[in-house]
There are 2 protein chains.
Amino acid sequence: MSSLLSKSSIYALRASLYMATLPPDEYVPVHDIAEKLGISFHFLAKILQALTHRGILKSFRGPHGGVALARPADDVSLNELIEAVDGQQRFEGCLMGLPGCGVEKPCPLHEQWEKTQASISAIFTCSTLGEQARRIKELDLRLH
Amino acid sequence: MSSLLSKSSIYALRASLYMATLPPDEYVPVHDIAEKLGISFHFLAKILQALTHRGILKSFRGPHGGVALARPADDVSLNELIEAVDGQQRFEGCLMGLPGCGVEKPCPLHEQWEKTQASISAIFTCSTLGEQARRIKELDLRLH
DNA sequence: TATTATTCCGATAACGGAGTCCGAAATCCG
DNA sequence: CGGATTTCGGACTCCGTTATCGGAATAATA
């Protein structure tokens, strides 16, 4: 039942992708994003707060305020978003939780697992918001 | 913080690996296994119940009773254990939770994610208890 | 009778998800 | 200029689910 990414990370991705499809430096109220994506405003607000904290988003209070990408979408990797929300140590460590498993005494699955970890990591580190946003526009995918 | 496998699955793997290192058809009390692995007896009992239910283990009540592998260790894939404990639908579906993502309208990460899913799956389906148990003996790895 | 699995009925804690409330900043309008 | 409005910021609480663990009664076997 559990997904690879938490709902928080998924919401962060979707919201950021939504902003990446808009003209840069356009502030969008969090409330609007929540409505577009069909998710809880309060929950999203908390997630986006974490992103602004990390300098991924910038925010602006008052009328016509909101949040916007702090940097060009092509400079933001998906991994950056996920780390900001869920922390960095997702899926590290021995697959079977063996205590001594490491480089010198690897568990039987160690090598295969390391390769797979790397390929999971690559999915998120090698892809930028801008790239994904463009493909979403091309394919006319909806975020909600 | 969350691992790829649940603790239940990990305990099922460790307990089964432990049994696979013993002579076949030797019944071991669940209490002994729990002690060896340093985990909760009750928790382990519930997990091993699921495995006996699936026909992976056989059990025997009364003095000198316990649980044992129902089949040769080389005939039991790791995947079978994990499915019995956690269910089969771990990590399926769109990585970003996009609603329309599928074969006809794949999300940008769809293809990469499918490959990674396959390699995760391969780790567990292509490996048997017997194979792992032998390597654990060779390398003198402890399960606790 | 002693031993051991099986079963049921929980308790507890952790976590993810969602909501409330108030404060602070920026803007708008009278 | 000053209050009202809009919006983010942050702390706190709450709820439902799942993970983890425990107790006690039951059944089967030696």
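**Details of the overall build of chain A**
- A tally of regular secondary structure across chain A gives six helices and two strands.
- By its C-alpha atoms, chain A is 60 × 30 × 30 Å across when sized along the principal axes.
- When the 144 residues of chain A are sorted by exposure, 47% land in the buried category.
- Within chain A, residue pairs in contact and separated by at least 24 positions form 65% of the contacts whose partners lie at least 6 positions apart.
- Accessible surface computed for chain A: about 7,500 Å², of which carbon and sulfur atoms make up 51%.
- Within chain A, one finds 15 positive and 16 negative side-chain charges whose respective centroids are separated by 5 Å.

**Quick look at the packing of aromatic side chains**
Residues and elements named next belong to chain A.
- Here the structure, examined in full by the defined rule, presents four aromatic pairs over all chains.
- Seen from their ring centres, tyrosine 27 and phenylalanine 60 are 5.3 Å apart, and the 45° between their planes marks the pair as tilted. Residue tyrosine 27 is located in the loop between helix H1 (7–20) and helix H2 (30–37), and its partner phenylalanine 60 is located in strand S1 (residues 57–60); the two are separated by 33 residues in the primary sequence.

**Focus on the interface of chain B and chain A**
- Every contact between the two is made by 41 residues of chain B and, on the other side, 41 residues of chain A.
- Across the chain B to chain A interface the summed buried area is about 3,500 Å²; carbon plus sulfur atoms make up 65%.
- The largest contributions to the chain B side of the interface with chain A come from B:Met96, B:Pro108 and B:Ile123, which together make up 17% of the buried area.
- At the surface where chain B touches chain A, the tally comes to zero salt bridges.
- Run the count over chain B and chain A and you get zero residue pairs in polar contact (both at pLDDT 80 or more).
- Sorting the residues of the side of chain B that touches chain A by element identifies helix H1 (7–20), helix H5 (110–125) and helix H6 (129–139) of chain B as the ones contributing at least two each.

**A look at the packing of H2(A) against helix H3 (residues 41–53) of chain A**
Residue and element names in this part refer to chain A.
- Look at H2 against H3: their axes get within 9 Å of each other, and the N-to-C directions meet at 120°. Compared by their axis directions, H2 and H3 come out oblique. Handedness of the crossing formed by H2 with H3: right-handed. Each of Val30, His31, Ile33 and Ala34 in H2 lies in contact with H3, whose residues at this interface are Phe41, Leu44, Ala45 and Leu48.
- Considered class by class, the residues forming the contact of H2 with H3 number seven nonpolar, one polar and no charged.

**Things to note about the pairing of S1(A)**
All names here are of chain A.
- In this structure, S1 lies alongside strand S2 (residues 66–69), joined through four bridges in antiparallel fashion. Within the sheet, the bridge partner assigned to lysine 58 lies in S2 and is alanine 68.
- Linking S1 back to S2 in an antiparallel pair, the connection comprises five residues, with glycine 62 at a positive phi of about 95°.

**Let's talk about unusual backbone geometry**
All names here are of chain A.
- Backbone geometry places aspartate 25, a non-glycine residue, at a positive phi of 60°.
- Tracing the backbone shows aspartate 25 in the loop between H1 and H2.
- For aspartate 25, a relative accessible area of 51% puts it in the exposed group.

Criteria and thresholds
Residues numbered from 1 in each chain as written. Chains lettered and ligands numbered in written order. Predicted model: local features only at pLDDT ≥ 70, side-chain atom pairs only at ≥ 80, totals over all residues. Heavy atoms only, no water. Helix = DSSP H or I, 4+ residues; strand = E, 2+ residues; numbered from the N terminus. Buried < 20%, exposed > 50% of the residue type's maximum accessible area, 1.4 Å probe, protein only. Contact = heavy atoms within 4.5 Å. Areas by Shrake-Rupley, 256 points an atom, 1.4 Å probe, with all protein chains shown as cover. Lys, Arg positive; Asp, Glu negative; His and termini not counted. Charge placed at Lys NZ, Arg CZ, Asp CG, Glu CD. Phe/Tyr/Trp six-rings, centres within 6.5 Å; stacked < 30°, edge-to-face > 60°. Buried area = accessible area lost by both parts, 1.4 Å probe. Salt bridge = Lys/Arg side-chain N within 4 Å of Asp/Glu carboxyl O. Polar contact = N/O pair within 3.5 Å; in protein donor to acceptor, adjacent residues only side chain to side chain. Axes fitted to C-alpha atoms, helices over the stretch in contact; angles between N-to-C directions. Parallel < 35°, antiparallel > 145°, perpendicular 65-115°, else oblique. Left-handed = near helix turned anticlockwise from the far one by under 90°. Nonpolar A, V, L, I, M, F, W, Y, C, P; charged D, E, K, R; others polar. Pairing = 2+ DSSP bridges.

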